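The primary structure of each chain is shown beneath.
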Amino acid sequence: MYSDQIYDQLPDPQRQSAFYETVAIKRGLAWVVDSIIVAMLVMLALVFTAFLGAFVFVALWMLVSFAYRVTTIASGSATWGMRLMAIEFRDWRGQRLGLPQAFLHTLGYAVSISILPLQLVSVVCMFATERGQSLTDMALGTVALNRRA
C-alpha cells in the first residue's frame, strides 16, 4: 500500500505501539467533543447575526466547522477535542501540522464527511491500518498519535 520508508520519522507501530493504541476510539470521542463545540459556536453565530444565519444554517455550520478545525489544528496540531483525548496529528517527518497542512487535512475531512461511502471507508481504515490512518491521513502522509507525556 505504501512504503514504510516514508514514515521513518514516526514511531514504529510494531516496536512503539503505545503511540497508536486506542487512537481510533479517541478520534471518535474527539469528533463528538468537536461537534458539540462547533454546535455552540454556530449557536453563538446565530445570535450575533440576529438569527439571519438560520436562513443559511448548513452553510454557516460548514464554514464554522471548517474554520474551527483549520485554526485549532494549525495552532496545536490537534482540535480541542483531540487535545482533550491526548492525541495529535504529525506529518510523515514527525512534525506538527502547520497552516497549509491543517487546511489540506480539513479539506480532506470535509470531502470525506460529505460523501458517506468515503467516510465509511475512512473509519474502517482507522481501525484496520497499522497506523490507524484515515483516507485523508494516507493521502497527506499524516498520522494521529497519542501525545507524548
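Residues numbered from 1 in each chain as written. Predicted model: local features only at pLDDT ≥ 70, side-chain atom pairs only at ≥ 80, totals over all residues. Heavy atoms only, no water.

Before going further, it helps to spend a moment on a nonpolar patch on the surface. Together, Phe 103, Leu 104, Leu 107, Val 111, Ile 115 and Leu 118 make up a nonpolar patch on the protein surface, roughly 470 Å² of accessible area in all. Broken down by element, the nonpolar patch gets its largest block of residues, 4 residues, from helix α4 (residues 99–114). We classify Ile 115 as partly exposed; its relative accessible area is 40%. (Patch = residues over 30% accessible without salt bridge, like charges linked within 9 Å, V, L, I, M, F, W, Y side chains within 5 Å. Areas by Shrake-Rupley, 256 points an atom, 1.4 Å probe, with all protein chains shown as cover. Salt bridge = Lys/Arg side-chain N within 4 Å of Asp/Glu carboxyl O. Helix = DSSP H or I, 4+ residues; strand = E, 2+ residues; numbered from the N terminus. Buried < 20%, exposed > 50% of the residue type's maximum accessible area, 1.4 Å probe, protein only.)

Okay, helix α2 (residues 57–76) next. With 20 residues, α2 ought to run about 28 Å at 1.5 Å a step, and its terminal C-alpha atoms sit 28 Å apart, in line with that. When α2 is considered as a whole, its buried residues turn out to be Leu 60, Val 64, Ser 65, Tyr 68, Arg 69, Val 70, Thr 72, Ile 73 and Gly 76. Where the residues of α2 are buried, they touch α1 (23–48), α3 (80–84), β1 (87–90) and α4. Immediately beyond the C-terminal end of α2, within one or two residues, lies Ser 77, with a positive phi of roughly 65°. (Expected span 1.5 Å × (residues − 1). Contact = heavy atoms within 4.5 Å.)

Unusually for a residue other than glycine, Ser 77 sits at a positive phi of about 65°. If you trace the backbone, Ser 77 turns up in the loop between α2 and α3. Positive phi, normally seen in glycine, also occurs at Ala 86, with a value near 65°. Looking at the element boundaries, Ala 86 is found in the loop between α3 and β1.

Residues Val 23, Ala 30, Ile 73, Ala 78, Met 82, Met 85, Ile 87, Phe 89, Leu 97, Ala 102 and Ala 144 constitute the largest nonpolar core, which totals 11 residues. Mapped onto this core, the elements with two or more residues apiece are α1 and β1. If near-sequence neighbours (up to four positions away) are discounted, Ala 78 is found in contact with Thr 72, Ile 73, Arg 83, Ile 87 and Glu 88. In this structure, Ile 37, Val 38, Ala 45 and Leu 60 belong to the second largest nonpolar core, which totals 8 residues. (Core = buried A, V, L, I, M, F, W, Y, C linked by side-chain atoms within 4.5 Å.)

All right, on to the environment of Tyr 109 then. Here Tyr 109 is to be found in helix α4. Those residues in contact with Tyr 109, other than ones at most four positions away along the chain, are Trp 31, Arg 69 and Thr 136. A polar contact is formed between the side chain of Tyr 109 and the side chain of Trp 31, at a distance of 2.8 Å. (Polar contact = N/O pair within 3.5 Å; in protein donor to acceptor, adjacent residues only side chain to side chain.)

A few words on the environment of Leu 104. You can see Leu 104 is positioned in helix α4. When its relative accessible area of 43% is taken as the criterion, Leu 104 is described as partly exposed. Taking the C-alpha atoms as reference, Leu 104 lies 22 Å from Lys 26; in sequence the two are 78 residues apart. In contact with Leu 104, not counting residues within four places along its chain, are Thr 136 and Leu 140.

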